[in-house]
Amino acid sequence: MPKETMKKGKRQADWSELEKREAAIKPRSKFFSHLSVSLLTLVLTIGLHQADFDSLKGLLIDGLFRTQLDSHPHPAIKLVAYDTQSAARYQINYKIPTEELLKTITRIKDEQPLAVALIAPLNEKLYSEQELSELAHAFSQVPMYVGYTDSENMGKNAPRALFHSTHYLPGYVSRDTFSYGADSVSRRVMLTIDGLPTVYLKLAELFHHSNHQELSYPKNRIEKFGESTQSYINWQGRAGSYPMLSTLEVSEGHFPKDYFKNKIVLISSTLPSKKDADFIFTPFSREPFHTPLLEGSAHSLATLINQNGIYKSSFWADFFLSLILGLITMNLLLYLSPARSIQFLIVEILFLTVLSGIALWKYQYWVDVAHPLALLAIGYYLIIPYRLVDEYKKRWHYQEKSEFMAELEQLKTNFFSLISHDLKTPLARIQGNAELALTHSSTDKDEKQKKSLEAIIHTTDELSH
């Protein structure tokens, strides 16, 4: 046998041995692949949870709020705005004129409201002593609250003239100027600040007391931010959810009878010239002059009255959600093709969106999906290259095997050609000699030999074919 044939035979034996060895270690290789991917998922989960992803969280929760279709304004809250139409009658544009406040409160008083709250700056710098005295007289005729929005009056007593006629409390609407990407969106309502209750907490307590109930706001919905305690606002709808009357309409009596009866009336300015003070950004809109602070105050108060502020999931709940989803996804990506992997990720993202939407609207529970989404994205871009390398190795393996089989086939062809040639040469000689002998057979004695020679020629023909 030629040396080349012996080498090929040895290669085939080696190849068979290699395939047997690979088949034996394949289950072990799969186990270590899954173990490695699971450990990678754990490391990624721990690493990603060292970052807050506040900007992404803010965008995601705002997106969920925007899916809300129906508005649910609280029936006990009414809004009165000092707007552009009302301000056109005065030269003043930096405060609500005393005359306008007196006329408005006098009209509201006749309706017997549960409480009236002015959400605006009210101090000696803006109003003279005489103006404050006139306001104090009007305030004494209704349950009056002032929610001041200027930080310089934080913790100070009410102006002396108003000391006995009004509740003087902080009325700030929180803005995310440091958290959630510092986007200035109002997502929280303050309950206390520096130990002082806010006007919204006091009004909520008054509402429950009037209904012979006690306000016991759920502690798991309260978070501490600096020196304040706050709760995430459960927005009841987009801008315009709460109808507003202008102070001009109210002062002239252009509203239905009993419109303010047993209601909490919030009064504030909505002048575009005071955009920083009178307008806010919300999860629904970040357009300037779109959502008045007055409406943000209404949503904040409604959240405390309904005791349904958004409860944010804990760190460990977020961690384990990310870990479980990451383990399932990254282990499945070891089997799925890149196209199937993308389809699976899309389905998983839709599942997370639906899950967080149901949790938010049905249970007021804010599920953090920012970390799971980041983990899925990073995991995909780590696993897919690994899969591609693995697929390349398999393809190379099959290609090498295919090339070997082609070489083996060529060897077989060469072998048969060689054997055929080596057999045909002696057969041709035998046939030639038999034909020569047959030609020289001419007597009857040679008849037996002639038949034998013909049989030899016939047999050599068959062997040649």
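Counting starts from 1 at the beginning of each chain's written sequence and moves along it residue by residue. Selection of residues for local features in this predicted model requires a pLDDT of at least 70, selection of side-chain atom pairs for listing and counting requires 80 or more, and totals for whole chains, interfaces and linings are taken over all residues. Each side-chain value is derived from all of the structure's non-hydrogen atoms; neither hydrogens nor water enter the calculation.

Trainee: Got a sec to walk through the overall build of the protein chain? Specific residues and values, please.
Mentor: Secondary structure is summarised from DSSP: a helix means a run of H or I of at least four residues, a strand means a run of E of at least two, and numbering begins at the N terminus for each. For the protein chain, the count of helices and strands is 13 helices and 14 strands. Here the protein chain holds 465 residues, and the buried ones make up 44% of them. Whether two residues are in contact is decided by their heavy atoms: any pair within 4.5 Å suffices. Partitioning the contacts of the protein chain with sequence separation of at least 6, the portion at a separation of at least 24 is 78%. Buried residues are those whose accessible area, probed at 1.4 Å on protein chains only, stays under 20% of the maximum for their type, while exposed residues exceed 50% and partly exposed ones sit between those limits.

Trainee: Break down a nonpolar patch on the surface for me, citing the residues and quoting the values.
Mentor: On the surface, a nonpolar cluster with roughly 600 Å² of combined accessible area is contributed by F315, W316, F320, I324, I328 and L332. Its place among the elements puts F320 in helix α10 (residues 315-332). Like-charged residues within 9 Å of one another, or nonpolar side chains (Val, Leu, Ile, Met, Phe, Trp, Tyr) within 5 Å, are grouped into patches, provided each residue has over 30% relative accessible area and no salt bridge. All accessibility values rest on the Shrake-Rupley procedure with a 1.4 Å probe; residue burial counts only the protein chains present in the view. Each salt bridge in this description consists of a side-chain nitrogen of Lys or Arg and a carboxyl oxygen of Asp or Glu lying within 4 Å of one another.

Trainee: Go over the sheet that holds strand β7 (residues 223-225) with me, naming the residues and quoting the values.
Mentor: A sheet is described by the order of its strands in space; here four strands give the open sequence β6-β5-β8-β7, paired in antiparallel fashion. Edge positions in the open sheet fall to β6 (196-197) and β7, since each of these has one partner strand only. Strands β5 (188-193) and β6 of the sheet are contacted by helix α6 (residues 199-210), whose axis makes an angle of about 90 degrees with β5. Strands are labelled as partners when DSSP assigns at least two bridges between them. The axes are straight lines fitted to the C-alpha atoms, using for helices just the contacting stretch, and the angles between their N-to-C directions are given from 0 to 180°.

Trainee: Quick one: what's the story with helix α9 (residues 293-306), residue by residue and with numbers?
Mentor: A helix is expected to span 1.5 Å for every residue after the first. For α9, with 14 residues, the first-to-last C-alpha span of 20 Å sits near the 20 Å given by 1.5 Å per residue. Among the residues trailing α9, Q307 stands out with phi positive, at a value near 55 degrees.

Trainee: Mind laying out the pairing of β5, listing which residues take part and the relevant values?
Mentor: Among the six residues in β5, five count as buried, and that is most of the element. Where β5 and strand β8 (residues 228-232) come together, five bridges link them in antiparallel fashion. Paired with I193 across the strands is S228, a residue of β8. Note: β5 against β6, two bridges, orientation antiparallel. Following the sheet pairing, I193 is matched in β6 by L196. Between β5 and β6, which pair antiparallel one after the other, the connecting turn spans two residues, and D194 there sits at a positive phi close to 55 degrees.

Trainee: So, the sheet that holds strand β4 (residues 167-170): which residues are in play, and what are the values?
Mentor: If you trace the six strands from one edge of the open sheet to the other, you get β4-β3-β2-β10-β1-β9, paired in parallel fashion. At either end of the open sheet lies a strand with only one pairing partner, and these are β4 and β9 (244-246). Taken over all neighbouring pairs, the strand axes of this sheet differ in orientation by 25 degrees on average, direction set aside. The pairing of strand β3 (residues 144-148) with β4 spans four bridges and is classified as parallel.

Trainee: Any details on the packing of aromatic side chains? Residues and values, ideally.
Mentor: A pair of aromatic rings is counted whenever rings of Phe, Tyr or Trp (Trp by its six-membered ring) have centres within 6.5 Å, and the orientation is called stacked for planes under 30 degrees apart, edge-to-face for over 60 and tilted otherwise. Counted by the stated rule, this structure contains 16 aromatic pairs. Between Y148 and Y172, the ring centres sit 6.1 Å apart and the planes meet at 85 degrees, which makes this aromatic pair edge-to-face. Pair noted here: Y148 is in strand β3 and Y172 is in the loop between β4 and β5, with a separation of 24 residues, a long-range link. Of the two residues examined, Y148 and Y172, each falls in the buried class. Following the ring pairs from residue to residue traces out a cluster consisting of F315, W316, F319 and F320. Criterion for a charge above a ring: Lys NZ or Arg CZ within 6 Å of the ring centre, and within 35 degrees of the ring normal. In this arrangement the basic side chain of K78 is found over the ring face of Y259, its NZ or CZ atom lying 4.5 Å from the centre. In this structure, K312 is placed above the aromatic ring of W366, and the distance from its NZ or CZ to the ring centre is 5.5 Å.

Trainee: Give a detailed account of empty space enclosed by the protein, specifying residues and quantitative values.
Mentor: For cavity detection a 1 Å grid was placed over the protein atoms alone, and a set of points counts as a cavity when a 1.4 Å probe fits there but cannot get out; an open set counts as a pocket when protein lies on both sides within 12 Å along at least five of seven lines, with lining residues being those that have an atom within 4 Å of a point. Grid points are joined across faces, edges and corners, and a volume is the space filled by probe spheres set on the points. Going through the model one piece at a time under the given rule, you end up with four cavities of 30 Å³ or more. There is about 60 Å³ of room inside the largest cavity. When residues of the lining of the largest cavity are assigned to their parent elements, the largest contribution, three residues, is made by helix α2 (residues 54-66). Under the grouping applied here, Gly and all other residues not named as nonpolar or charged are polar, the nonpolar ones being Ala, Val, Leu, Ile, Met, Phe, Trp, Tyr, Cys and Pro and the charged ones Asp, Glu, Lys and Arg. In terms of residue class, the lining of the largest cavity is made up of eight nonpolar, no polar and two charged.

Trainee: Could you give an account of the environment of T104, naming the residues involved and the relevant values?
Mentor: As for its placement among the helices and strands, T104 is situated in helix α4 (residues 98-109). In this structure T104 comes out as buried when scored by relative accessible area, which is 1%. Each C-alpha atom of the pair T104 and L248 lies 8.0 Å from the other, and the pair is 144 residues apart in sequence. Beyond its immediate sequence surroundings of up to four residues, T104 is in contact with V80, T247, V250, S251 and I267.

Trainee: Account for the pairing of β8, naming residues and giving values.
Mentor: Counting buried residues in β8 gives five out of five residues, a clear majority hidden from the surface. Covered by surrounding structure in β8 are S228, Q230 and Y232 together with T229 and S231, the residues of both alternating faces. With three bridges connecting them, β7 and β8 associate as antiparallel partners. When the sheet's bridge partners are listed, F225 is paired in β8 with S228. From the end of β7 to the start of β8, which pair antiparallel, there are two residues, and G226 there has a positive phi angle of about 65 degrees.

Trainee: Before we move on, could you go through the nonpolar core and cite the residues and values that matter?
Mentor: Core analysis: the largest hydrophobic core is formed by 44 residues, its most contacted members being I77, L203, L266 and L301. When residues of this core are traced back to their parent elements, those giving at least two are α2, β1 (77-82), β2 (115-119), β5, α6, β10 (264-269) and α9. Of all hydrophobic cores here, the second largest spans 36 residues; its members include L101, L122, V142 and Y172. Joining through side-chain atoms within 4.5 Å is the link that ties buried Ala, Val, Leu, Ile, Met, Phe, Trp, Tyr and Cys residues into a set, and such a set is a nonpolar core.

Trainee: Got a sec to walk through the packing of α6 against α9? Specific residues and values, please.
Mentor: One way to put it is that α6 packs onto α9 with a least axis distance of 9 Å and a crossing angle of 50 degrees. In terms of orientation, α6 and α9 fall into the oblique class. Here α6 runs over α9; the crossing is right-handed. Facing Y200, L201, L203, A204, F207 and H208 of α6, the residues of α9 in contact are S297, L301, L304 and I305. Residues of the contact of α6 with α9, tallied by class, amount to eight nonpolar, two polar and no charged. Roughly parallel refers to an angle under 35 degrees, roughly antiparallel to one over 145, roughly perpendicular to one between 65 and 115, and oblique to any angle outside these ranges. The sense of a crossing depends on the near helix, which, turned anticlockwise from the far helix by less than a right angle, makes the crossing left-handed and, turned clockwise, makes it right-handed.

Trainee: Quick one: what's the story with unusual backbone geometry, residue by residue and with numbers?
Mentor: One non-glycine residue, D194, adopts positive backbone phi at about 55 degrees. Assignment of secondary structure puts D194 in the loop between β5 and β6. Of note in this structure, Q364 is not a glycine but carries a positive phi near 55 degrees. Here Q364 lies in the loop between α11 (338-363) and β14 (365-366). On the accessibility criterion, Q364 (18% relative accessible area) is buried.

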